[in-house]
Every structure is written in structure tokens, then in C-alpha cells.
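Fold and geometry: a report
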Amino acid sequence: MSTPITRQIVLDTETTGMNKLGVHYEGHNIIEIGAVEVINRRLTGRNFHVYIKPERLVDPEAFEVHGISDEFLEDCPSFADIADEFLEYIRGAELIIHNASFDIGFMDYEFRKLNRDIPPTETFCQITDSLAMARELFPGKRNNLDALCDRYLIDNSKRTLHGALLDAEILSDVYLAMTGGQTALAFSMEGESSNEQEQNDIQRIERPVSGLRVIRATAEEVAEHEARLDLVEKKGGHCLWRPASNDEAV
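Numbers given for residues are sequential positions, taken from 1 along each chain in its written order. pLDDT decides what is reported in this predicted model: residues at 70 or higher carry local features, side-chain atom pairs at 80 or more are listed and counted, and totals for whole chains, interfaces and linings draw on all residues regardless. Just so you know, side-chain values use all the structure's heavy atoms and leave hydrogens and water out.

Turning to the overall build of the protein, a few remarks are in order. Numbering of helices and strands runs from the N terminus; a helix is a DSSP stretch of H or I covering at least four residues, while a strand is a stretch of E covering at least two. Per the secondary structure count, the protein includes 10 helices and six strands. When accessible area is computed with a 1.4 Å probe and restricted to protein chains, residues below 20% of their type maximum are described as buried, those above 50% as exposed, and intermediate ones as partly exposed. Every one of the 250 residues in the protein was classed for burial, and the buried ones make up 43%. Considering only contacts within the protein whose residues lie at least 6 apart along the sequence, 68% involve residues at least 24 apart. Shrake-Rupley sampling with a 1.4 Å probe provides the accessible areas, and residues are treated as covered by the protein chains on show and by no other component. Of the roughly 15,000 Å² of accessible surface on the protein, a fraction of 51% belongs to carbon and sulfur atoms. Should any heavy atoms of two residues lie within 4.5 Å, those residues are considered in contact.

Encoded structure:
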């Protein structure tokens, strides 16, 4: 029997800002998309990253968060230019997004503006909100990305500003730790050439596999254990927790 392939895309966006009155995405645009592919809990290195020229200026408050300027975006492609490639990349995958309603709201808003009858993202992707998961695991605590990095001992020292690809990379480590209980497991990259490319742009977090701590019984505990087995053997005639004799083993 073949093992079903689980394809997940850990995704983040940056925007020109957000509408504080009414629907959060109206009047604003996506300016960066960063996504990391995970197949069967392994980073593949097949990432998606693009900067997008918006239809408006970046709000000063948003610039303070991500540092992406209007001048930088001037020669970037429009959302219409990258939409097909982006759709092909995410279609059919499970999208892992921190505060998913924010990013999905912006994505669907951008798709609608293309007037191509593209259905809502939830109809062709499964959407998992890692923020909602974190709130269930750690109720009443801070569960933003920085707080989760501290909790799971994940290095986020290069996150001086928000950036979609870097945040997606970090979130992939956080999500794998949250869902597997593996805070010290290094998930290897598939494809050495892509690994070298990513090493130049994004800090790859390497964590050694830790061994299990072995706690041995004391002499007193061993004696108590043997006494209990003597009692079991006396009452039952044999004891499953003791090695069988040669006659019993035949």
C-alpha cells in the first residue's frame, strides 16, 4: 500500500495596510507573497516568493512593519501578472497560515478584482489557521509568531522586520513543532541546489536530534520490583515479565 502524499503550503503575505473601518482588505493590496512547500512533513525547497506592485501607496504604518517602500515596488509585477502561477502553486494543498482570515481575505479580494470568476480559496484548498491552533494549545497566552518562537526555542533573530518568505519559513518550523511535538528535530531539505540558494537568502534553522534521557532504577526499586514478580509467579505459576527458562522457551 502506498502512503498518501500530504502537501502543505505555509503561507504569509504583506500588504499596503489594512482598513480599520469595515472589511479589513477593502482599499488595500497585497505587496508580497511568501510560501514554503512541505510534503509529508519535509521542507522541499520549492518555495514561492514574489513582490507585487499595488494599485495604491503603502501606508506609513504598514511600512514601519515590513519596510517595503513604494519605490521598491515600482518595477514589480502586478497581481494579475502572477495570479496564474500562484494559483497553480497553491491549488489542492493545505494552506497553513497564521491568522488565516487576514491573508485569505486579501487573496480572495485580489482574485475577485481580476474578474475571472475565480472561486474562493477555500473551495480548492484546505485552510488551517495556526493562530487558532496555538490558542487552543496555549489559552490565555501570547500566541503571535515571536511568542511561539520563544516557546519552541526557534531562532527568529533575523526577523527585525516582517517579511512574507522569512515569516513563512519560521512558521513552518513552528507548525511542525506544534503538530509533532518535535521541537529539536531538523527537517532536511530535499534538493541540494535549492538548499544552497535558500541559504543565501533565508537563515536555515538547524537543530540536532536530541537523544532520550535514560533514568535507571535504583537498587531499592529493583528489589521491590523483583519482590512483586515473585508474588505474581507464586500466584500464577509463571510471570510474563521474567525471561522464560530454557524449557519454557522451547
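Turning our eyes to something else, we now look at unusual backbone geometry. Unlike most non-glycine residues, N99 shows phi in positive territory, near 65°. For N99, the position within the fold is in the loop between β5 (94-97) and α4 (100-113). Owing to a relative accessible area of 32%, N99 belongs among the partly exposed residues under this scheme. Despite not being glycine, L153 shows a phi value in the positive range, around 60°.

Bringing the packing of helix α3 (residues 79-90) against α4 into the picture now. For any two helices packed against each other, one specifies the inter-axial angle together with the distance between the axes. Lines fitted to C-alpha atoms define the axes, with helix axes restricted to the stretch in contact, and inter-axis angles between N-to-C directions lie between 0 and 180 degrees. Between α3 and α4, the least distance of the axes is 11 Å, while the angle of their chain directions is 120°. Classified by the angle between their axes, α3 and α4 sit oblique to one another. The crossing of α3 and α4 is left-handed. For the pair α3 and α4, contact is made by F79, F86, L87 and I90 and by M107, E110 and F111, respectively. In this classification, Asp, Glu, Lys and Arg are treated as charged, Ala, Val, Leu, Ile, Met, Phe, Trp, Tyr, Cys and Pro as nonpolar, and every other residue, Gly included, as polar. A per-class count over the contact of α3 with α4 returns six nonpolar, no polar and one charged. Oblique is the label for every angle not falling under 35 degrees (roughly parallel), over 145 degrees (roughly antiparallel), or within 65 to 115 degrees (roughly perpendicular). For any helix crossing, the convention is left-handed if the near helix is rotated counterclockwise from the far helix by under a right angle, and right-handed if that rotation is clockwise.

Time to look at the environment of I170. Considering the arrangement of structural elements, one finds I170 in helix α7 (residues 164-180). A relative accessible area of 4% places I170 in the buried class. C-alpha separation for the pair I170 and L145, spaced 25 residues apart in sequence, amounts to 8.1 Å. In this structure, I170 is in contact with L145, C149, I154, N156 and R159, ignoring residues within four places of it in sequence.

A few words on the layout of surface pockets. The rule is simple: put a 1 Å grid over the protein atoms alone, call a set of points where a 1.4 Å probe fits but cannot get out a cavity, call an open set with protein on both sides within 12 Å along at least five of seven lines a pocket, and count a residue as lining if it has an atom within 4 Å of a point. Grid points are joined across faces, edges and corners, and a volume is the space filled by probe spheres set on the points. Estimated volume of the largest pocket: approximately 690 Å³. In this structure, the largest pocket is lined by 29 residues; those nearest its centre are E14, V65, N99, F102 and H162. Elements represented by at least two residues in the lining of the largest pocket include exactly β1 (7-15), α1 (60-66), α4, α5 (130-137), α6 (145-152) and α7. Broken down by element, the residue count for the lining of the largest pocket peaks at five residues, all from β1. Grouping the constituent residues of the lining of the largest pocket by class yields nine nonpolar, nine polar and 11 charged.

What follows deals with the UniProt feature "binding site: a divalent metal cation" (unreviewed entry) in the protein. The feature "binding site: a divalent metal cation" (unreviewed entry), as given by UniProt, occupies D12, E14 and D167 in the numbering adopted here. Across 156 residues, the annotated set stays spatially compact, with a maximum C-alpha separation of 10.1 Å. Residues from the annotated list that form part of the lining of the largest pocket: D12, E14 and D167. Looking at the element boundaries, D12 is found in strand β1. Relative accessible area serves as the criterion here: at 13%, D12 is assigned to the buried category. In this view, D12 contacts E32, I33, G34, D103, G163, A164, D167 and A168; residues no more than four positions away in its chain are not counted. Dropping the residues within four chain positions of it, D167 is found in contact with D12, E14, L145, R159 and H162. As used in this structure description, the phrase polar contact means that two N or O atoms lie within 3.5 Å; if the pair is within protein, one of them must be able to donate a hydrogen and the other to accept it, and residues adjacent in sequence are counted only when both atoms belong to side chains. Side-chain polar atoms of D167 contact the side chain of R159, separated by 2.6 Å. UniProt positions are given in the numbering used here, feature names are shortened, and annotations may be inferred rather than shown by experiment.

Next up on the list: the packing of α6 against α7. The N-to-C vectors of α6 and α7 enclose an angle of 50°; their axes lie 10 Å apart at closest approach. Put simply, α6 runs oblique to α7. The handedness of the crossing between α6 and α7 is left-handed. Residues L145, L148, C149 and Y152 of α6 touch α7, and the partners they reach there are D167, I170, L171, V174, A177 and M178. The residue inventory of the contact of α6 with α7, partitioned by class, reads nine nonpolar, no polar and one charged.

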